[in-house]
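Structure assessment
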Amino acid sequence: MRCPYCRHADSRVVDSREAEDGALIRRRRACPECGRRFTTVEEAVLAVVKRSGVTEPFSRLKIMAGVRKACQGRPVDEDAIALLAQRVEEAIRARGVAEVPSHEVGLAILGPLRELDEVAYLRFASVYRSFDSLGDFEREIAALRSEASRSDVDRAEAKPTNGRHPDTAAAGANQT
Ligand SMILES: [Zn+2]
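As a starting point, this report considers the structure included with it. (Residues numbered from 1 in each chain as written. Predicted model: local features only at pLDDT ≥ 70, side-chain atom pairs only at ≥ 80, totals over all residues. Heavy atoms only, no water.)

1. Some thoughts on the overall build of the chain
Selection rule: Elements are defined by DSSP. Helices are runs of H or I of four residues or more, strands are runs of E of two residues or more, and each kind is numbered from the N terminus. Note on exposure labels: buried denotes an accessible area under 20% of the residue type's maximum, exposed denotes more than 50%, and partly exposed covers the range between, all computed with a 1.4 Å probe on protein chains only. Contacts are assigned to residue pairs with any non-hydrogen atoms lying within 4.5 Å of each other. Note on areas: Shrake-Rupley with a 1.4 Å probe; residue coverage comes only from the protein chains shown.
Assigned secondary structure in the chain consists of six helices and six strands. Reading the helices (α) and strands (β) of the chain from amino to carboxyl end gives β-β-β-β-β-α-α-β-α-α-α-α. Taking all 176 residues of the chain together, the buried fraction comes to 29%. A fraction of 43% describes how many contacts in the chain between residues 6 or more apart in sequence connect residues 24 or more apart. A total accessible area of about 11,600 Å² is found for the chain, and carbon and sulfur atoms account for 50% of it.

Here it is in structure tokens:
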């Protein structure tokens, strides 16, 4: 491997260690040209199998792009999106499989996204689960509400409102 300091074309492995329960190997390398040392990490490529059967390498950036899109206009910052993508990747890697179907990646995003922002979650779920009627939204919103009232009665969303903000119009219409 090329030296990241002086760009010399080769380097020597001086130490190899398994990490994270054997899921990856860290190698300490030394450059014969400048003498500096650096670390590399080797891990199996996690493949995502698309519906078409085509596989592509798992990409945290792709998850972030999808989540960022769902979070447009929402009070969710880039750090939160990065953290969510990291959680999703860790959850999927923890399964210890070489390949994961793309729809399972989507499923793994839903839970953390719901905790992050319910509106973004609804947007993502509507595309991902192909909502095709208001009934689909109503069921999902009802599920969110019943969980919200179980877990946290003080939530703002649980208070009656006549708000017609575009983001809450659907939720407001469903309120009892
Ligand atoms: Zn070097």
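Right, picking up where we left off after that structure.
2. Comments concerning the sheet that holds strand 4 (residues 47-49)
The pairing of strands in a sheet happens through backbone hydrogen bonds and is either parallel or antiparallel. Note the threshold: The criterion for strand pairing is that DSSP finds at least two bridges linking the strands in question. An axis is simply a line fitted to the C-alpha atoms; with a helix, the fit covers only the stretch in contact. Between two such axes, the angle follows the N-to-C directions and lies from 0 to 180 degrees.
An order of 5-4-6 is seen for the three strands of this open sheet, with the pairing classed as mixed. Because the sheet does not close on itself, it has two edges, and the strands there are strand 5 (55-57) and strand 6 (99-101). Strand-to-strand twist across the sheet, computed as the mean angle between neighbouring axes with direction ignored, equals 30°. Two elements, strand 4 and strand 6, share three bridges in a ladder whose sense is parallel. Its bridge partner lying in strand 6, V49 is registered against P101.

3. Quick look at the coordination of the zinc ion
By definition of the ideal shapes, four donors in a tetrahedron about a metal sit 109.5 degrees apart, and six donors in an octahedron sit 90 or 180 degrees apart. This is how the line gets drawn: Only nitrogen, oxygen and sulfur atoms qualify as donors, and only when within 2.8 Å of the metal (3.2 Å in the case of Na, K and Ca); with water excluded, sites may look incomplete. Metal sites are grouped by the angles between bound donors: all angles between 85 and 135 degrees with four donors is tetrahedral, opposite donors over 155 degrees apart with the others between 65 and 115 is square planar for four donors and octahedral for six, and any other pattern is irregular.
The zinc ion binds to the protein through C3 (SG), C6 (SG), C31 (SG) and C34 (SG); the donor distances cover 2.3 Å. If you look at the zinc ion, its four donor atoms make angles of 106 to 116° with each other, and the shape they trace is tetrahedral. Exposure remark for C6: the relative accessible area of 32% places this residue in the partly exposed category. Given a relative accessible area of 3%, C31 falls into the buried group.

4. A word on the packing of helix 2 (residues 78-93) against helix 3 (residues 102-116)
Going by this rule: Between 65 and 115 degrees an angle is taken as roughly perpendicular, under 35 as roughly parallel, over 145 as roughly antiparallel, and anywhere else as oblique. Left-handed is the label given to a crossing in which the near helix is rotated counterclockwise from the far helix by less than a right angle, and right-handed is the label when the rotation is clockwise. Lys, Arg, Asp and Glu make up the charged group, whereas Ala, Val, Leu, Ile, Met, Phe, Trp, Tyr, Cys and Pro make up the nonpolar group; the residues left over, Gly among them, are polar.
Their axes nearest at 9 Å, the elements helix 2 and helix 3 cross at an angle of 140°. Taken together, the axis directions place helix 2 and helix 3 in an arrangement best described as oblique. In this structure, the crossing between helix 2 and helix 3 has a hand that is right-handed. On helix 3, the residues touching A80, L84, R87, V88 and I92 of helix 2 are V105, A108, I109, P112, L113, E115 and L116. Each residue belonging to the contact of helix 2 with helix 3 can be placed in one class, and the counts come to ten nonpolar, no polar and two charged.

5. So, unusual backbone geometry
The bulk of non-glycine residues show a negative phi, and the bulk of peptide bonds are trans. Its identity is not glycine, yet R7 carries a phi of approximately 70°, on the positive side. Mapped onto the elements, R7 comes out in the segment before strand 1 (12-19). For R7, a relative accessible area of 52% puts it in the exposed group.

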